[in-house]
Amino acid sequence: MANSSSGMAVDDECKLKFLELKAKRIYRFIVFKIEEKIQQVTIEKLGGPDETYDDFCASLPADECRYAVFDFDFTTDENCQKSKIFFIAWSPDTSRVRSKMLYASSKDRFKRELDGIQVELQATDASEMSIDIIRGRAL
């Protein structure tokens, strides 16, 4: 289960809740954190279906790294309702170097566990994941 390069395990609950977000759409977003003491990715917060993108952004800590997925609903130029699942690697400049390295080295393996991610985004501050950037990447 653990990755040889980073030694990071993924809690089964992470995969389970992601499948529920993808298939049943009972969550708008999920924020994941690495529990360094047990070397495992766990769920920090589940966002309900009526929570907004602002709620999601507010749930990311200002000075700690996180992984997150967000189910973004939008309307195309042809007036079609669509949705895309974003994977966001949140790594603020103010977070610890060790933490940034840990999240960076574990990201690809963790992302592979979540089958169905359509867009990946890396952000070091809120401006790099503004709603306009999300909308632009979704279309």
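Throughout this document, residue positions are counted from 1 along each chain, in the order its sequence is written. Since the coordinates come from a predicted model, pLDDT governs what is reported: local features require at least 70, and pairs of side-chain atoms require 80 or more to be given and counted, while whole-chain, interface and lining totals use all residues. Note that water and hydrogens are dropped before the side-chain values are worked out from all heavy atoms of the structure.

As annotated in an unreviewed UniProt entry, the protein chain carries the name Actin-depolymerizing factor and comes from Rhodamnia argentea. UniProt positions are given in the numbering used here, feature names are shortened, and annotations may be inferred rather than shown by experiment. In UniProt, the protein chain has this text filed under Sequence similarities (unreviewed entry): "Belongs to the actin-binding proteins ADF family."

Engineer: Before we go on, may I ask you to explain unusual backbone geometry in this structure?
Structural biologist: The phi torsion at Gln39 lies on the positive side, around 55°, for a residue other than glycine. Runs of H or I in DSSP of at least four residues are treated as helices and runs of E of at least two as strands, each being numbered from the N terminus. One can find Gln39 in the loop between strand S2 (29-35) and strand S3 (40-47). One non-glycine residue with positive phi stands out, namely Asn79, at about 65°. With respect to the helices, strands and loops of the structure, Asn79 is situated in the loop between strand S4 (66-75) and strand S5 (81-90). Exposure categories follow from relative accessible area, calculated using a 1.4 Å probe and restricted to protein chains: below 20% of the type maximum is buried, above 50% is exposed, and the middle band is partly exposed. Here Asn79 falls in the exposed class, since its relative accessible area comes to 63%.

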